[in-house]
Amino acid sequence: MKYKHIFFDLDHTLWDFEANSFEVLEELYHEHNLESRGVASFAVFHEQFTEHNEKLWDRFRKGFINRHELRVKRFRVTLLDFKIGDEKLAEALSVHFLERLPSKTNLFPHTKDVLEYLAAKNYPIHLITNGFEETQLQKIRNSGIDHFFTHIITSESAGTLKPKKEIFDFAIAKAVATTETSIMIGDALDIDVLGAYNAGIDQVHFNPLLLAPKIDLKPTYSIQSLHELKEIL
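A. Looking closely at the pattern of salt bridges. Scanning the model with the defined rule gives 17 salt bridges in all. Its salt-bridge partner being Lys230, residue Asp113 comes within 2.9 Å of it at the nearest N-O pair. Placement of Asp113 in helix H5 (residues 111-120) and of Lys230 in the segment after strand S6 (221-223) is noted, with a sequence separation of 117 residues between them. Using a relative accessible area of 32% as the deciding quantity, one classes Asp113 as partly exposed. Residue Lys230 is classed as partly exposed on the basis of its relative accessible area of 28%. In this structure, Arg141 and Glu134 form a salt bridge, with 3.1 Å as the shortest nitrogen-oxygen distance. Overall, Arg141 belongs to the partly exposed group, its relative accessible area being 42%. Taking the relative accessible area as the measure of exposure, Glu134 reaches 44% and is therefore partly exposed.

Right, here's the structure in full:
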């Protein structure tokens with residue numbers, strides 16, 4: 001076997017961030033009675049939050065904002081879209097969102113089946129994630145997949161974020177692996193795939209919705225379903 005160590009991204013690859021975030025945001029929309037504050041529907045609230053969250057995560061990865069700013073600002077600017085300038089509400093939404101999100105357990109189809117398959121073949125399986133450490137640990141514990149992973153490398157523990165080469169170097173060293181015999185599986189071409197490519201690691205681009213690429217980069221492999229990993233590994 002060419003590959004001896006398997007590295008996964010977590011959010012949007014194994015753990016279905018969109019589905020889990022949707023559930024929490026819908027709960028908060030109703031509990032905080034945002035309709036009475038001028039937010040006409042949950043659908044438009046969810047759309048605005050998603051747009052701001054993605055933009056702010058990009059700024060966080062590039063070092064323009066810190067963790068606290070990311071957590072609160074995504075709700076603050078979403079509320080401002082509806083002319084709600086309420087800092088206490090923004091902070092409350094942030095706290096409740098972060099408390100509840102890790103309790104959600106939606107995984108992508110075939111996640112457990114594929115992890116069991118890889119474990120049965122004695123692959124050491126690891127995570128490389130930009131998510132916050134305690135939050136990510138809660139997610140995998142509550143989803144019942146924590147026992148599959150030998151090492152969990154977060155941006156906090158590594159002191160750097162994907163797509164920077166340094167987090168992949170840190171992960172390879174921690175796993176006592178080599179770049180030549182490792183492979184990275186992730187959904188973000190410009191983060192997971194690009195970072196692994198720059199570190200000399202083969203990549204699998206997980207693209208379930210067949211989204212158009214953000215950058216001009218051909219990954220080692222491309223898959224639409226996690227089940228396809230059985231054809232590679």
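That covers the picture; the talk isn't over yet.
B. Representation of the sheet that holds strand S2 (residues 125-129) within the structure. Taken together, 6 strands build an open sheet; the order of strands is S3-S2-S1-S4-S5-S6 and the sheet is parallel. In this open sheet, the two strands that pair with only one neighbour each are strand S3 (149-154) and S6. When strand polarity is set aside, the average angle formed by the axes of neighbouring strands in this sheet is 20 degrees. Contacts from helix H6 (residues 133-142) reach S2 and S3, with the element oriented near 150 degrees to S3.

Rules behind the numbers
For every chain, the first residue of the written sequence is number 1, and numbering continues from 1 onward in sequence order. At least 70 in pLDDT is required for a residue's local features to be given in this predicted model, at least 80 for side-chain atom pairs to be given and counted, and no such filter applies to totals for whole chains, interfaces and linings, which use all residues. Derived side-chain values reflect all non-hydrogen atoms in the structure, with water molecules and hydrogen atoms excluded from consideration. Basic side-chain nitrogens of Lys or Arg form a salt bridge, by our definition, when they fall within 4 Å of a carboxyl oxygen of Asp or Glu. Going along the chain from the N terminus, every DSSP run of H or I of four or more residues is numbered as a helix, and every run of E of two or more is numbered as a strand. Throughout this description, buried means an accessible area under 20% of the type-specific maximum (1.4 Å probe, protein chains only), exposed means over 50%, and partly exposed covers the range between. Any two strands between which DSSP finds at least two bridges are classified as paired. To get an axis, a line is fitted to the C-alpha atoms, and for a helix only the part in contact is used. The angle between two axes follows their N-to-C directions and goes from 0 to 180 degrees. Contact definition: two residues touch when any of their heavy atoms are within 4.5 Å.

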